Amino acid sequence: MAGQHNSTSSGGSSERAPRTFRVWRGDARGGQFHDYTTQVGEGMVVLDAIHQIQAESAPDLACRWNCKAGKCGSCSAEINGTPRLMCMTRMDQLPPDGPVTVEPMRAFPPVRDLVTDVSHNFRAKKSIKKFTPRKPDAPDGTWRMQQADVDRVQEFRKCIECFLCQDVCHVLRDHHKHDEFVGPRLLVYAAALEMHPLDTENRLADLKNRHGIGYCNITKCCTKVCPEHITITDNSIIPLKERVVDEFYDPLTKLFRIFKPGK
Amino acid sequence: MEHYQTLEHDVVVIGAGGAGLRAAIEASAMGCSVALVCKSLLGKAHTVMAEGGMAAAMANVDDRDSWKVHFADTMRGGQYLNNWRMAQLHAQEAPARVRELEAWGAVFDRTRDGRILQRNFGGHRYPRLAHVGDRTGLEMIRTLQDHGIHQGIDVFMEMTVVSLLKDGDRVVGALGYDRERGRFRVWKAKAVVLATGGVGKAFRITSNSWEYTGDGHALAYEAGADLLDMEFVQFHPTGMVWPPSVRGILVTEGVRGEGGVLRNKDGRRFMFDDIPDNYRNQTAKDEEEGWRYVCGDKNANRPPELLTRDHVARCINREVKAGRGSPHGGVFLDIAWIKEKIPNSEEHIRKKLPSMYHQFITLANIDITKVPMEVGPTTHYIMGGVRVDGDTQMSTVPGLFAAGEVAAGLHGANRLGGNSLSDLVVFGKRAGEHAAKFAKEHGAGAVNPAQVEDAIRRALAPFDRGDAGENAFAVQSDLQGTMQDLVGIVRTENEMLRALEEIGRLKARAAKVGVSGHREYNPGWHTSIDLHNLLTVSEAITRAAIERKESRGAQFREDYPDKSAECAKFNLVLRKGADGRMQVVREPVRPLPAELQQIIEENK
């Protein structure tokens, strides 16, 4: 992994000063914080410091990362207690004194050091019914959609699957309801499908029964940590909750159903 | 001996970016059992970083566009060293692949009449890139991923392949390890598709992630396959240059497509000063015409900022070397200036280039809606790769296929922006289809345990040397410095000969790399394995670049600054000789059929 060399490449002079990083090291059996000191310069992000530590003093320090530009969502961690992407957390955004703590996402089982087992998210996604488009609008097999009609879905599709929203969600983090609740990321995914102008599938029963949408009590922690600034709660979860309520709890709808056989 | 698990599939796909996912989907749809092996988590591959768009002549924005114009543009961009069959198939099939993504749930930006919007890009005659803001790659990989997970494909995440397994001439599987535990595994298969991407980590300044270590190139080479066109490495003209830790991160060509201009420290739009003859007829005469083009005026020619990437990168390099650069060794890329032209420009920029806005404000404290960016060239893409058949994507080794960046041919000497995303799906589909056919027509071969054990022994050797061995990170860093400084954007014979010597020394050091600790998620160990691949591709790039004594496309030779008619007649093939040494062989360029030649003439 060569990211550490970026931090030493030329490009202008910059002041460098030592800084201590308190990094959690361990695995499923347990672990503890270790202190590492490395030089920090202008513009550096936390991921740069982790890479420097790997190259200088801990070559076996495990950390997941790819793009280093906030696009792939691999380097999620908890920095000074807040879920963030390490590649997008600049050192000058953190308090200037004291050690910087870096620990793995706590809502997922630890694998090693900063790497966690995020397989829950992949399993949960598979349980959501896939995109099923209506018949094409034009004879050449294409569809027509107005930009205004896709803006809403495009917001959800910005998601980089960093799973920070899952990490901060108390239903998963504190109550460990992974088997009953898919979590905010997958609710955003479901919303992107449900609100897709071409989609014809109905996922409301699943959202209510299998995916546990009722567990969310709208504390909006997920929205706060989203690095893509997706308004997870207001724009995706609440509208989905409203649809579920309309479908299953609305007394008028219930009444209509009695008289309307079929659906 | 080390224990390993053996799994059997009809087709194994190595790599899960756009090409690998598309290949896996196709092979699976044809009834094959498919294993998809990815170095990272599913959905994190390099495709996710592609920004600008996906080139396809759908003619939604300009009805003069057609596959023929796209074909001619691609050949012109590649300086006619392209595999013309691939350029033809790519141009013909890309529109269907875009529409297919829409049918699988992709949500592209729209035209006023509700169709898929297309934007301008360098070297493309008409607005041709289907896009989603500046995150088109994310849209593509997520669409393929979300479609693929319902296709019954067995996905193996965070597993790295270290060797291909052969039965006689034929490839019959792959050996790899999982990062989580460091355990080995054999995927036995009737056909193998390489979709491993590129080699950017051979250079110091690159837009590529740690994964891009030339794995597929080296796996194919070691398995006896031909590599082609390895001298052609694309330096993207616009990477970030400041602060140091983000140097090399990509700034999409879409910025220029939306009207961004390049200026030197004196404020001069230097791109107007050097327009190649073969593009003169298609380039704006002045700034006013360039802006009209950006606004969609069909009678205007494109601004010189949208010339091909090789040319723009060299012009930037020249400005910097002449002392006319920006404070941190780049030039200025200005999109904020469009406020002179349109109302609500700040909102417009944030809407069209949201990731760029986000990237600069977060990492560099720069608001691109208000001030110019500083940019400079960054290693971005390799046109060269595994030599494949244009129709089937099969390499010169039976049962081994390649698609996407790891394959060579489509782009010739220089790739046009936007032709990569379409490459992934056009040839990913073809590779998957023909790998499935091959699997059905050929039974399973036999895996030789001695090959497996030998490869495992080599992979684990660094642990035997422990801390006493060389540091893998240090060797990798020295290789990156060598390639950056001696085989970079401007090349000379003397420097490249020095690079070859240095690569020889680095190989000796790499053979002595030691790793301490455990096998679980140990980046030092992983780097020691990747290092072998990086050294192989670095040698291939350097040997080919020495052999091509001319400047063409992405290859610029200071000692041979012009194109040579002689060199236009061959591609360079690299293969492992019987003595184990790398051979460079001239392969005559296949002549174009008359009808394709005519298309090129008509579009000159």
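A word on the overall build of chain B. On a plain count of helices and strands, chain B comes out with 16 helices and 18 strands. The globule rule puts the C-alpha radius of gyration for 604 residues at 25 Å, and the 23 Å found for chain B is close to it. The burial tally for chain B puts 69% of its 604 residues in the buried class. Surface summary for chain B: the accessible area is close to 19,000 Å², and the carbon and sulfur share equals 47%. Computed over 78 positive and 80 negative side-chain charges, the inter-centroid distance for chain B is 1 Å.

In this assembly, 70 residues from chain B lie in contact with 69 residues from chain A. Across the chain B/chain A interface, buried area totals approximately 6,100 Å², and carbon plus sulfur atoms make up 54% of it. Linking Glu51 of chain B and Lys71 of chain A is a salt bridge whose minimum nitrogen-to-oxygen distance equals 3.2 Å. When residues in the side of chain B that touches chain A are grouped by element, the largest group, 7 residues, is from helix 4 (residues 136-148) of chain B. Residues belonging to the side of chain B that touches chain A are distributed by class as follows: 24 nonpolar, 25 polar and 21 charged.

Take the pattern of salt bridges next. Residues and elements named next belong to chain B. Within the structure shown, the criterion is met by 85 salt bridges over all chains. Of the charged contacts in the structure, one is a salt bridge between Asp367 and Lys370, with a shortest N-O distance of 3.2 Å. Of the residues examined, Asp367 reaches a relative accessible area of 16% and is grouped as buried. When salt bridges that share partners are traced, they join Arg22, Glu26, Arg97, Glu100, Lys429, Glu433 and Lys437 into one network.

Let's shift gears to the nonpolar core. Formed by 215 residues in total, the largest nonpolar core has its most connected members in Met86 of chain A together with Val11 of chain B. Ranked by the residues each element gives to this core, the list is headed by helix 15 (residues 523-547) of chain B, at 11 residues. Those residues in contact with Val11 of chain B that lie beyond four places of it in its chain are Ala27, Cys32, Ser33, Val34, Ala35, Ala189, Ala191, Val193, Ala435, Ala436 and Ala439 of chain B. Counting residues in hydrophobic clusters, the runner-up holds 37 residues, among them Leu172, Tyr189, Cys226 and Ile230 of chain A.

Side-chain direction in a regular strand flips from residue to residue, so the side chains alternate between the two faces of the sheet. Residue and element names in this part refer to chain A. Neither face of strand 3 (residues 76-79) is left uncovered, since the one carrying Ser76 and Glu78 and the one carrying Ala77 and Ile79 both have all their residues buried. Note: strand 3 against strand 4 (residues 82-85), 4 bridges, orientation antiparallel. In the sheet register, Ala77 faces strand 4, and the bridge partner there is Arg84. Where strand 3 folds back onto strand 4 in an antiparallel hairpin, the turn is made up of 2 residues, including Asn80, whose phi is positive at roughly 50°.

Residue and element names in this part refer to chain B. Assigned domains within chain B: domain 1 (240-378) and domain 2 (457-569). Between the C-alpha centres of domain 1 and domain 2 the distance comes to 32 Å. Together, the buried faces of domain 1 and domain 2 total about 450 Å²; carbon and sulfur atoms form 61% of this surface. Contact with domain 2 buries surface across domain 1, with Asp310, Arg314 and Asn317 losing the most and accounting together for 76% of the total. Seen at the junction of domain 1 and domain 2, the total is 0 salt bridges. Viewed at the interface, domain 2 and domain 1 are joined by 1 residue pair in polar contact (both at pLDDT 80 or more). Looking at the side of domain 1 that touches domain 2 residue by residue, the class counts come to 2 nonpolar, 2 polar and 2 charged.

All names here are of chain A. Counted according to the given criterion, the structure contains 0 disulfides over all chains. Looking at the unpaired Cys221, the closest cysteine sulfur is the one in Cys222, lying at 7.0 Å. Assessed through its relative accessible area of 26%, Cys221 is described here as partly exposed. Considering cysteine sulfurs only, Cys165 is the nearest to Cys222, which forms no disulfide, with 6.3 Å between them.

On to the confidence of the model for chain A. Mean pLDDT for chain A: 91, with 93% of residues reaching 70 or above. A low-confidence stretch, residues 1-13 of chain A (pLDDT under 50), is modelled with 38 contacts involving residues beyond four sequence positions or located in other chains.

What follows concerns the sheet that holds strand 5 (residues 129-130) of chain B. Residue and element names in this part refer to chain B. Spatial strand order, 3-5-4: 3 strands in an open sheet with antiparallel pairing. Of all strands in the sheet, those with a lone pairing partner are strand 3 (54-55) and strand 4 (118-119), marking the two edges. Where strand 3 lies against strand 5, 2 bridges are found, and the strand directions are antiparallel. Bridging across to strand 5, Met54 finds its partner in Ala130.

Cut-offs applied
Residues numbered from 1 in each chain as written. Chains lettered and ligands numbered in written order. Predicted model: local features only at pLDDT ≥ 70, side-chain atom pairs only at ≥ 80, totals over all residues. Heavy atoms only, no water. Helix = DSSP H or I, 4+ residues; strand = E, 2+ residues; numbered from the N terminus. Rg over C-alpha atoms; globule rule 2.2 N^0.38 Å. Buried < 20%, exposed > 50% of the residue type's maximum accessible area, 1.4 Å probe, protein only. Areas by Shrake-Rupley, 256 points an atom, 1.4 Å probe, with all protein chains shown as cover. Lys, Arg positive; Asp, Glu negative; His and termini not counted. Charge placed at Lys NZ, Arg CZ, Asp CG, Glu CD. Contact = heavy atoms within 4.5 Å. Buried area = accessible area lost by both parts, 1.4 Å probe. Salt bridge = Lys/Arg side-chain N within 4 Å of Asp/Glu carboxyl O. Nonpolar A, V, L, I, M, F, W, Y, C, P; charged D, E, K, R; others polar. Core = buried A, V, L, I, M, F, W, Y, C linked by side-chain atoms within 4.5 Å. Pairing = 2+ DSSP bridges. Domains from an automatic or database assignment. Polar contact = N/O pair within 3.5 Å; in protein donor to acceptor, adjacent residues only side chain to side chain. Disulfide = S-S within 2.5 Å. pLDDT = per-residue confidence, 0-100.

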